[in-house]
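Tertiary structure, described
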Amino acid sequence: MLPTLRVSLPYTLALAVLVYLGFTFLPVLGLSQEILVVIGVLSAGILVPLLVDVKGSVSEPSSEAKTVTEYKGETTTLYVGNLPYRANEDAVKELFQRFGVVINVRLMKDRQTGRRRGFGFVEVAAKDGTKMIQKLNDFNFQERTLKVREAKERQDNDDTDE
């Protein structure tokens, strides 16, 4: 609810001021300024939700979310290095979605501090992986040059002495 308010509030205020000014210059009605302000706010409160399409509203899932849940093909995991520490999963996902289907984004954090470590993994459609590597390796993202390659299989350390 808060993101919706954050986006629609400026539009509501602007429309309220416009309605107030519009009615102020119509002396035919002869209404007081207080009544004009109330009319402006009420009309803006009714019109803004109808006119402004708030991206990411709770009522309607985005088409991107539908694409990910519907994707059933082969996937590959890409390693993404040299990420800015301030980058979050949504920003990385948005960047990679320009070039194909993104299934999942995992950015690594330090266990003790909880701070991001500057690298992560992006699970993508296998058919889009090569194109993403070509387009995004050495790509400047938030003032950092990304390093993107296919992730290597995880090797568990089994250093037990017997």
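Residues numbered from 1 in each chain as written. Predicted model: local features only at pLDDT ≥ 70, side-chain atom pairs only at ≥ 80, totals over all residues. Heavy atoms only, no water.

1. As for the side chain of Asp128
By the secondary structure assignment, Asp128 is in helix H5 (residues 126–136). Of the polar contacts made by the side chain of Asp128, one reaches the backbone nitrogen of Val101; its length is 2.9 Å. Within the local environment of Asp128, its side chain forms a polar contact with the side chain of Lys127, the two groups lying 3.5 Å apart. When residues no more than four places from it in sequence are discounted, the contact partners of Asp128 are Phe99, Gly100 and Val101. (Helix = DSSP H or I, 4+ residues; strand = E, 2+ residues; numbered from the N terminus. Polar contact = N/O pair within 3.5 Å; in protein donor to acceptor, adjacent residues only side chain to side chain. Contact = heavy atoms within 4.5 Å.)

2. As for unusual backbone geometry
For Gln142, which is not a glycine, the phi torsion comes out positive at approximately 50 degrees. Along the chain, Gln142 turns up in the loop between strand E4 (140–141) and strand E5 (144–145).

3. So, the pattern of salt bridges
Inspection of every chain in the model, using the stated rule, returns 3 salt bridges. Among the ionic pairs, Arg116 bridges to Glu89, the shortest N-O distance being 3.4 Å. Taken together, the residues span a long stretch of sequence, with Arg116 in strand E3 (residues 116–125) and Glu89 in helix H4 (residues 89–97) at a distance of 27 residues. Relative accessible area serves as the criterion here: at 27%, Glu89 is assigned to the partly exposed category. Close ionic contact of Asp128 with Lys127 constitutes a salt bridge, the shortest N to O distance being 3.5 Å. (Salt bridge = Lys/Arg side-chain N within 4 Å of Asp/Glu carboxyl O. Buried < 20%, exposed > 50% of the residue type's maximum accessible area, 1.4 Å probe, protein only.)

Shape descriptors only; they carry no functional weight alone.
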